[in-house]
Structures are given as structure tokens and as C-alpha cells.
Amino acid sequence: MPLWMARLFLRITGWKADGVRPDVPKYVLIAAPHTTNWDFPFTLAFAAVFGIRIRWMGKHTLFRWPFGWFMRAVGGIPIRRERNNDLVRTMADDFGNHEQLALTVPVEGTRSRVEYWKSGFYHIARQAGVPIVPGYLDYARKRGGFGPALMPSGDLKADMDKLRAFYADKIGKFPELFGPVRLREEADLRA
């Protein structure tokens, strides 16, 4: 999205950028809360305002005709969830091909409420040796921005505790659709 268009869109809708651009060249960017289709244009607008060229993963059906070309043009990477294609390794390896890369991952995987986030964002960051940057859209305050970069330590619970604290006061457009900030693997650790 061109910068002028992003600024106009945010001004018309009453939204403001919060904070500063992440100060790392490569990172996995969490996109949360994700409760509405409106998250997409707001994310593109904030990326333009902060001067970030994002790449994002989306279900392959978003890339069909007639909008597939547009989705790719704005950084989309089609993902076929039903195939075992070692997506984590592929995405982690892709960081080696770029000097700068902000790989945006919608951790909930859907706009509907889920009880667990998809853990791919964490494993991609660990395997690529890059930090995780929590991005957000807070509809209650009409603010969008980024939290501090978090280098995944391997201590899953401690790292997720930091993300839980960050997202504790972030409100999606439909708050009831933003489920708990947790991974299924955390429950497996306790078992």
C-alpha cells in the first residue's frame, strides 16, 4: 500500500500508529488479535506507515482468481494446510535468502475463536535464529504497532508468558473471538 494511501486510510478511520518500527532486520511478526477481515487493510496500512515490507502467510484459497495477483503483490505466501510440506523448515530457511524479512504469521489461524495458537511462529523463529515481534491492532484504542522483540529462548512457557503479558490489554474488533494466548505444547509440557 502506498504511504499516502495508508496515512489517508488511518486518518479517515481515526487510527494512529503506536511506538516505533522494530529495530531488527529479520523477524517473525505476530498478527494478533485477528478477529475480522478489517485486520488485513489495517495491517497493510501500518506496515506502510512504519516503512516495513511484510510477507504474510495465508490459506491458499485467498490466492485464487480474481484476487490472487493482488494478494501476492502485497506480500502473500499461499499455504496449503492439509499438506505436510515442512512449512516451518521452509519458512525458517527463507530467512537466509533475505537481508531484511518481516514474516507475518496470523497465530490464531482464523478469525474465529480458538483455544490454542498455532505454534509455527515460535518454531520458525527458533529455527531461523530470529526474534519474534508481537504486532497488534487494538480496536478499543484505535492503535496499531509493535511490542519489543523477543528472542525465543527455548523455554516455551517463559516466552509465552511474555507474549501473554503483552497481549493482555489488546482488544480485537470482536473481543469474544480472541481466545487465550497459549500453545497446545504448553499443555503437553504439564502432562
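Residues numbered from 1 in each chain as written. Predicted model: local features only at pLDDT ≥ 70, side-chain atom pairs only at ≥ 80, totals over all residues. Heavy atoms only, no water.

Q: Where do I start with the packing of aromatic side chains in this structure?
A: As enumerated under the stated definition, the model contains 16 aromatic pairs in all. Ring geometry for Trp 15 versus Tyr 139: centroids 4.8 Å apart, planes at 85°, classification edge-to-face. Here Tyr 139 lies in the loop between β6 (132-138) and β7 (143-146) and Trp 15 lies in the loop between α1 (3-13) and β1 (16-18), a separation of 124 residues in the sequence. Between Tyr 136 and Phe 166 the ring centres are 5.7 Å apart and the planes differ by 65°, which places this aromatic pair in the edge-to-face class. Residue Tyr 136 is located in strand β6, and its partner Phe 166 is located in helix α6 (residues 156-167); the two are separated by 30 residues in the primary sequence. A connected cluster of aromatic rings, assembled from ring pairs, spans Trp 117, Phe 121, Tyr 122, Tyr 136, Phe 166, Tyr 167 and Phe 178. Its end group placed over the ring of Tyr 136, Lys 170 keeps NZ or CZ at 5.0 Å from the ring centre. Across the ring face of Phe 166, the terminal group of Lys 170 is positioned such that the distance to the ring centre comes to 4.1 Å. (Phe/Tyr/Trp six-rings, centres within 6.5 Å; stacked < 30°, edge-to-face > 60°. Helix = DSSP H or I, 4+ residues; strand = E, 2+ residues; numbered from the N terminus. Lys NZ or Arg CZ within 6 Å of the ring centre and 35° of its normal.)

Q: Quick question: what am I supposed to make of the pairing of strand β4 (residues 76-79) here?
A: One face of the sheet, then the other: side chains in a regular strand alternate in exactly this way. The sheet contact formed by strand β3 (residues 54-59) and β4 spans four bridges and is parallel. Paired with Met 57 across the two strands is Ile 77, which belongs to β4. Note on the crossover from β3 through helix α3 (residues 68-73) to β4: the handedness is right-handed. (Pairing = 2+ DSSP bridges. Right-handed = clockwise from strand over helix to strand, strands pointing away.)

Q: How do you make sense of the confidence of the model for the protein chain when you look at a structure like this?
A: Put simply, the protein chain has an average pLDDT of 93, and 97% of its residues get 70 or more. Highest mean pLDDT in the protein chain belongs to α1 (98); lowest belongs to helix α7 (residues 184-190) (79). (pLDDT = per-residue confidence, 0-100.)

Q: Can you walk me through a nonpolar patch on the surface in this structure?
A: On the surface, a cluster of nonpolar side chains totalling about 530 Å² of accessible area is made up of Met 1, Trp 4, Met 5, Leu 8 and Ile 12. If you trace the backbone, Met 1 turns up in the segment before α1. Residue classification places Met 1 among the partly exposed positions, given a relative accessible area of 36%. (Patch = residues over 30% accessible without salt bridge, like charges linked within 9 Å, V, L, I, M, F, W, Y side chains within 5 Å. Areas by Shrake-Rupley, 256 points an atom, 1.4 Å probe, with all protein chains shown as cover. Salt bridge = Lys/Arg side-chain N within 4 Å of Asp/Glu carboxyl O. Buried < 20%, exposed > 50% of the residue type's maximum accessible area, 1.4 Å probe, protein only.)

Q: Quick question: what am I supposed to make of the environment of Leu 3 here?
A: Along the polypeptide, Leu 3 turns up in helix α1. Owing to a relative accessible area of 35%, Leu 3 belongs among the partly exposed residues under this scheme. Leu 3 has contacts with Ala 48 and Val 49, leaving out every residue within four places of it along the chain. (Contact = heavy atoms within 4.5 Å.)

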